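The residues making up each chain are set out below.
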Amino acid sequence: MEPPTPRIYTAGAITWANERYEGWRDQLDTQLGHVEFLHPTETVNEYEGHRRAGCVTEDIRMVEDSHGVVAFLTKPEQIGTVTEIVHAVSSGIPVLMLIAPHQWDYDTAQDLPYR
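Note on numbering: residues in each chain are counted from 1, in written sequence order. Local features are withheld for residues below a pLDDT of 70 in this predicted model, meaning they are given only at 70 or higher, and side-chain atom pairs are given and counted only at 80 or more; totals for whole chains, interfaces and linings count all residues. Hydrogens and water are ignored here; the side-chain numbers use all heavy atoms of the structure.

A.B. asks: Please set out the pattern of salt bridges residue by residue, giving values where relevant.
C.D. replies: Criterion for a salt bridge: a side-chain nitrogen of Lys or Arg within 4 Å of a carboxyl oxygen of Asp or Glu. If you walk through the whole model with that rule in mind, you get two salt bridges. Between Arg61 and Glu58 there is a salt bridge whose closest N-O contact spans 2.6 Å. Of the two residues, Arg61 and Glu58 both sit in helix α2 (residues 55-64), three residues apart, roughly one turn of that helix. Exposed residues in this analysis have more than 50% of their type's maximum accessible area, buried residues have under 20%, and partly exposed residues fall in between, with area computed by a 1.4 Å probe over protein chains only. Judged by relative accessible area, Glu58 falls into the partly exposed class, the value being 22%. Residues Arg61 and Asp65 are paired through a salt bridge, measuring 2.3 Å at the closest nitrogen-oxygen approach. Through salt bridges with shared partners, one network takes in Glu58, Arg61 and Asp65. Secondary structure elements are taken from DSSP: a helix is a run of H or I of four residues or more, a strand is a run of E of two residues or more, and numbering for both begins at the N terminus.

Here it is as structure tokens:
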């Protein structure tokens, strides 16, 4: 009997106007095909590119449904990401935190350092 496919939630900034914020999630999907990633960007709680009511509940549900969390912190004001990390840790779900260097301006980076 094969072990179940690991489910990993991807916590991190979502900026609909800047596709570079989602590049790290795409790379995980491409490079780790044996893992099922649960992305907050794939929920039904979008409206014309903006998150709306219900997104926190859905995101927390995905954290609870995961075997672990990969969190990417790119800026100080990621309140949702920190909330997801705290919820995971308090629920006994392992978290891997990736923290962008403070000198890295994520909004203007041309060559992303996680490649």
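A.B. asks: How would you sum up the nonpolar core? Please name residues and give values.
C.D. replies: Counting residues in hydrophobic clusters, the biggest one holds 11 residues: Tyr9, Ala11, Leu38, Met62, Val63, Val69, Ala71, Leu73, Ile85, Ala88 and Ile93. Of all the secondary structure elements, the ones that give two or more residues to this core are β1 (7-12), α2, β5 (68-73) and α3 (79-90). If one sorts the elements of this core by residue count, β5 sits on top with three residues. The definition of a nonpolar core used throughout is a set of buried Ala, Val, Leu, Ile, Met, Phe, Trp, Tyr and Cys residues joined through side-chain atoms within 4.5 Å. With eight residues, the next largest nonpolar core counts Val35, Phe37, Val70 and Phe72 among its residues.

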